[in-house]
Amino acid sequence: MAERIKTITVVGAGTMGHGIAEVAAAAGYKVYLADINREILEKALERIRWSLGKLYEKGQLREHPDTIIERITPVVSLDEKGGYSREFAEVLAKTDFMIEAIPERLELKQQLFAFADEHAPPHAILATNTSSLPITEIAAATKRPEKVVGMHFFNPPPLMPLVEVIKGEKTSDETVAVTVELAKRMGKQPVVVRKDVPGFIVNRILARIMNEACWTVARGEASIVEVDSALKYKLGLPMGPFELADYSGIDVFYYVFEAMTQRGFKAHPCPLIKEKFERKEWGVKTGKGFYEYPEPGKYVRPSIPREAGEKVDPLPIIAPGINEAAYLLREEVATRDDIDKAVKLGLGFPKGILQMADEFGIDKVVEALEKLREKTGWEEYEPDPLLRRMVEEGRLGVKTGKGFYEYGKVEERRLKTLLVRLEPPIAWIVLNRPDKLNAISPEMLSELSRVLDELEEDERIRVLVVTGEGRAFSAGADVTAFMGITPVKAMVYSRKFQEVLFKLEYYTKPVIAALNGYTLGGGLELAMAADFRFASETAVLGQPEINLGFIPGAGGTQRLPRLVPLSKAKELIYTGDMIPAQEAARIGLVDRVVPPERLEQEVRQFALKLAEKPPLALMAAKYAIQLGREAPIWAGMALESSLFGLLFSTEDVIEGVTAFLEKRRPKFKGR
Ligand code: COA
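Residues numbered from 1 in each chain as written. Predicted model: local features only at pLDDT ≥ 70, side-chain atom pairs only at ≥ 80, totals over all residues. Heavy atoms only, no water.

Observations concerning the overall build of the protein chain
Now for step 1: Scanning the protein chain from N- to C-terminus turns up 27 helices and 19 strands.
Now for step 2: Principal-axis analysis of the C-alpha atoms places the extent of the protein chain at approximately 105 × 55 × 45 Å.
Now for step 3: The buried share of the protein chain, reckoned over its 671 residues, is 54%.
Now for step 4: For the protein chain, the share of sequence-separated contacts (at least 6 apart) that also reach a separation of at least 24 residues comes to 68%.
Now for step 5: Only carbon and sulfur atoms are counted for the fraction: they give 55% of the accessible area of the protein chain, which is about 30,400 Å².
Now for step 6: Of the side chains in the protein chain, 92 bear a positive and 97 a negative charge, and the two mean positions are spaced by 2 Å. (Helix = DSSP H or I, 4+ residues; strand = E, 2+ residues; numbered from the N terminus. Buried < 20%, exposed > 50% of the residue type's maximum accessible area, 1.4 Å probe, protein only. Contact = heavy atoms within 4.5 Å. Areas by Shrake-Rupley, 256 points an atom, 1.4 Å probe, with all protein chains shown as cover. Lys, Arg positive; Asp, Glu negative; His and termini not counted. Charge placed at Lys NZ, Arg CZ, Asp CG, Glu CD.)

A few points about the side chain of Asp338
Now for step 1: Mapped onto the secondary structure, Asp338 falls in helix α14 (residues 336-347).
Now for step 2: Buried charged residue Asp338 carries no salt bridge. Nearest counter-charge: Lys341, at 4.7 Å.
Now for step 3: Dropping the residues within four chain positions of it, Asp338 is found in contact with Val191, Val192 and Ile201. (Salt bridge = Lys/Arg side-chain N within 4 Å of Asp/Glu carboxyl O.)

Describing the site of the ligand
Now for step 1: Of all residues adjacent to the ligand, which total 14 residues, the nearest are Lys436, Arg471, Ala475, Ala477 and Val479.
Now for step 2: Computed on the free molecule, the ligand has an accessible area of 860 Å², of which 61% lies beneath the protein chains in the complex.
Now for step 3: Here the shell around the ligand is composed, by residue class, of ten nonpolar, no polar and four charged. (Near = heavy atom within 4 Å. Nonpolar A, V, L, I, M, F, W, Y, C, P; charged D, E, K, R; others polar.)

Here we look at the domain arrangement of the protein chain
Now for step 1: According to the domain assignment, the protein chain contains domain 1 (2-193), domain 2 (202-399), domain 3 (411-609) and domain 4 (613-662).
Now for step 2: At the junction of the two partners, domain 3 supplies twelve residues and domain 4 supplies ten residues.
Now for step 3: In this assembly, domain 3 packs against domain 4 so that about 1,000 Å² is buried in total across both faces, 47% of it on carbon and sulfur atoms.
Now for step 4: Between domain 3 and domain 4 we count two salt bridges in total.
Now for step 5: Lys622 serves as the salt-bridge partner of Asp531, at 2.7 Å between the closest nitrogen and oxygen.
Now for step 6: Taken together, the connections running from domain 3 to domain 4 amount to six residue pairs in polar contact (both at pLDDT 80 or more). (Domains from an automatic or database assignment. Buried area = accessible area lost by both parts, 1.4 Å probe. Polar contact = N/O pair within 3.5 Å; in protein donor to acceptor, adjacent residues only side chain to side chain.)

Remarks on the nonpolar core
Most often, soluble globular proteins have nonpolar side chains that are buried together.
Now for step 1: Of all hydrophobic cores here, the largest spans 102 residues; its most connected members are Phe242, Ile318, Ile353 and Phe404.
Now for step 2: Taken together, domain 1 (2-193) and domain 2 (202-399) each give at least three residues to this core, which thus spans both.
Now for step 3: Beyond its immediate stretch of four places on either side in the chain, Ile318 contacts Ile209, Leu235, Phe349, Ile353, Met356 and Phe360.
Now for step 4: Formed by 50 residues, the second largest nonpolar core is a distinct cluster that contains Val420, Ile429, Phe497 and Ile579. (Core = buried A, V, L, I, M, F, W, Y, C linked by side-chain atoms within 4.5 Å.)

Some thoughts on the sheet that holds strand β2 (residues 30-35)
Now for step 1: Strand order in this open sheet of eight strands is β3-β2-β1-β4-β5-β6-β7-β8, and the pairing throughout is mixed. Both outer strands of the open sheet, β3 (72-76) and β8 (189-193), are each paired with one neighbouring strand and no more. Going from strand to strand, the sheet's axes swing by 25° on average, the running direction of each strand aside.
Now for step 2: As judged from the four bridges shared by strand β1 (residues 7-11) and strand β4 (residues 97-100), these two strands associate in the parallel manner. Across the sheet, residue Val11 finds its bridge partner in β4, namely Glu100. (Pairing = 2+ DSSP bridges. Axes fitted to C-alpha atoms, helices over the stretch in contact; angles between N-to-C directions.)

Observations concerning the packing of aromatic side chains
Now for step 1: According to the stated counting rule, one finds 22 aromatic pairs in the structure shown.
Now for step 2: Ring centres of Phe277 and Trp282 lie 5.7 Å apart, and the angle between their planes is 15°; on these two criteria the pair is classed as stacked.
Now for step 3: One aromatic cluster is present, built from ring pairs that chain together Tyr254, Tyr255, Phe277 and Trp282.
Now for step 4: The side chain of Arg421 reaches across the aromatic face of Trp428, ending 5.3 Å from its centre.
Now for step 5: Note that Arg559 overlies the ring of Phe502, its terminal NZ or CZ placed 5.4 Å from the centroid. (Phe/Tyr/Trp six-rings, centres within 6.5 Å; stacked < 30°, edge-to-face > 60°. Lys NZ or Arg CZ within 6 Å of the ring centre and 35° of its normal.)

Focus on the environment of Ile20
Now for step 1: Mapped onto the elements, Ile20 comes out in helix α1 (residues 15-26).
Now for step 2: Discounting chain neighbours no more than four positions away, the residues touching Ile20 are Val10, Ile99, Ala101, Asn129, Phe153, Pro157 and Met186.

Some points on the sheet that holds strand β15 (residues 518-520)
Remark on secondary structure: sheet strands pair via backbone hydrogen bonds, oriented parallel or antiparallel.
Now for step 1: Read across the sheet, four strands follow the order β13-β15-β17-β18 without closing on themselves; strand pairing throughout is mixed. Unpaired on one side and paired on the other, β13 (472-474) and β18 (578-580) mark the two borders of the sheet. For this sheet the average axis-to-axis angle between neighbouring strands, irrespective of direction, equals 20°.
Now for step 2: The sheet contact formed by strand β17 (residues 540-542) and β18 spans three bridges and is antiparallel.

Here's the deal with a nonpolar patch on the surface
Now for step 1: A surface patch of nonpolar side chains, about 250 Å² in accessible area, is lined by Val479, Leu548 and Phe550.
Now for step 2: Mapped onto the secondary structure, Phe550 falls in the loop between β17 and α21 (556-563). (Patch = residues over 30% accessible without salt bridge, like charges linked within 9 Å, V, L, I, M, F, W, Y side chains within 5 Å.)

Some points on the environment of Ile339
Now for step 1: For Ile339, the location among the structural elements is in helix α14.
Now for step 2: Considered as a pair, Ile339 and Gly352 are 13 residues apart in the sequence and their alpha carbons are 7.4 Å apart.
Now for step 3: Contact partners of Ile339, with chain neighbours within four places excluded, come to Ile201, Ile205, Ala325, Leu328, Leu329, Ala334, Ile353 and Leu354.

A few points about the layout of surface pockets
Now for step 1: Empty space within the second largest pocket amounts to approximately 1,500 Å³.
Now for step 2: Lining the second largest pocket we find 39 residues, and of these Lys351, Leu608, Lys609, Glu612 and Arg665 sit closest to its centre.
Now for step 3: In terms of residue class, the lining of the second largest pocket is built from 16 nonpolar, five polar and 18 charged.
Now for step 4: Here the lining of the second largest pocket spans two domains, and each of domain 2 (202-399) and domain 3 (411-609) adds at least three residues to it. (1 Å grid on protein atoms, 1.4 Å probe; cavity = no way out; pocket = protein on both sides within 12 Å on 5 of 7 lines; lining within 4 Å. Points joined across faces, edges and corners; volume = space filled by probe spheres on them.)

A few points about helix α13 (residues 315-330)
Now for step 1: The end-to-end C-alpha separation of α13 is 21 Å, in line with the 22 Å expected for 16 residues at 1.5 Å each.
Now for step 2: Within α13, twelve of the 16 residues are buried, which leaves it mostly tucked inside the rest of the structure.
Now for step 3: Buried within α13 we find Leu315, Ile317, Ile318, Ala319, Pro320, Gly321, Ile322, Asn323, Glu324, Ala325, Ala326 and Leu328.
Now for step 4: Glu332 lies just past α13 and shows a positive phi near 55°. (Expected span 1.5 Å × (residues − 1).)

Observations regarding the side chain of Thr467
Now for step 1: Relative to the helices and strands, Thr467 is located in strand β12 (residues 463-468).
Now for step 2: Classification of Thr467 by relative accessible area gives buried; the value is 11%.
Now for step 3: At 3.3 Å, the side chain of Thr467 forms a polar contact with the side chain of Asn516.
Now for step 4: Setting aside residues no more than four positions away along its own chain, Thr467 makes contact with Trp428, Ile429, Val430, Leu431, Phe473, Ala514 and Asn516.

What about empty space enclosed by the protein?
If a probe the size of a water molecule is rolled over the atoms, the empty space left behind becomes visible.
Now for step 1: Tallied over the full model, the rule gives one cavity of 30 Å³ or more.
Now for step 2: Per-element tally for the lining of the largest cavity: the top contributor is helix α8 (residues 202-218), with five residues.

Written as structure tokens, this is what we have:
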């Protein structure tokens, strides 16, 4: 049916309307663009010409802008008396598909739809670009509610690929299907919203996250910059929520949110937004919002340092958004794939919100929501029944191989002293003698060596994590193995330990040590051979060998002074003192300290980020850095340039450069 659509009438030539008309004309449709007077229409055509010119310059149009503009005919919709004009009625009579983009006032829209219903041919579909009003109520003004549909574009329509197609209560499946097809023909990516809920998909999820970000600040738990930084850098969002609100207009957000709550969206609107709205501090357009802009209307990226968000956990801020997504899915408002597609295309998320939930772990999401609920007593934080059911069924996400998505089966292999969990692209090696605080016995050492060799060959695995079971990462070499040992055997043992740690240090894949508790002696030496050390706040680190009458024998005297200032290394080794994780972070011994319940999730997120990078380039970087550090600088430089050159023999370089030029995310294969 979509192929029978030849003529599209866009009503309303404002920000959205002119953009939609441009998209439709560029897709080859005959377009009528209607608004209440000539001035508005002339300005709209001017804006369309400018925008098409830009796209043409970038080589994104197949035709010349003039050819496209010729397809658009402006129409004044009102006559002198303020009623609809005859010309407008005649245009409607030729219309196959109408898209309304007039101000968000129900009575205005109903009037227009009643008029359009009267004049448009019976086959014509009448769509509304509303973002906040019920399709069902707009449709009620017509005698063809089955042919009235929501078609929600994102601003600016020529650049934003997403279109939400919304089914009103009476909209027919056929109308939805035709609208979806039309959106595709217009070069857009449609998602279907099967129930007419306020805010549809994107605005509902955004409202939850935005509101929570705002409450986090209002409750004094973090600052605006800290929240933005955490969401930007830890979750990879293109903008922090406050940055985004400023960019798209705090007034717009305020109105949409208000319209949604009026229609039953349960939320406690954060006072900060209202304050900003009332003070007319609307963001970029007024020169001030959550950030300041020297020239009103001109966007300059606010400064949001990466370090600012280090202490902020992004999960509780995004969890209400995940809860909303779970609701949409359970209520069959949209499919899993459409929800994730909508946040990716509508909000620029690097991955779907349900995908993110799987990575956080559904149990962790539920915990975060419960904490919010406890803190506030507000019902909207109650975890959605779908999330609860998933936890009961053990569908916790990536870590159990099943969540909203299915993952390569998590294989678990139990060796005598190790637990190896394969969660491609991550492999977790868990030191598993918890009753002995994971003391490293000769047997554990050989098992570790063997597992490292095996995982090196496994192409599915891109990142290695080493952690410990129970309350220790590892309390060190197993002291019982030293009883009655001869000096020569002790030396050989020390060499063997060193060799295994060399294997780890020069491993071809990145290695992260997740320090979950005591990290002492050989345990710390093992951790220091990893590329990164993430520690739980409860972790305690030290080289206590001196207290037993000997010195570190698995690289401690060499790696520790390479990580921390010389005198600090000496102090730790001479005194055998144990220091808490925070202090270890201060001297550079660990990279990140997080609350114990977040250790696994933070490590997983970081590991997944590394797993997306080109494996061979990662390996080259690691070798250049590690080997180079031990060599004179000229040898290091020679190594760097050789490895740099070598990478140009890989498929990944071609993929990386092509993806950059095609403006998509690269998929690296490690070939
Ligand atoms: N080698 C062998 N066994 C070890 C060990 C090690 N390095 N570290 C701890 N264990 C064993 C303990 O002997 C104990 O075993 P048991 O229950 O059979 O007696 C078990 O692990 C639990 O340790 P425990 O000392 O009871 O726990 P705690 O909470 O009182 O103290 C530590 C924790 C880490 C302070 C303490 O175990 C310790 O000092 N360990 C030795 C650290 C060390 O010197 N490492 C360097 C070795 S080269």
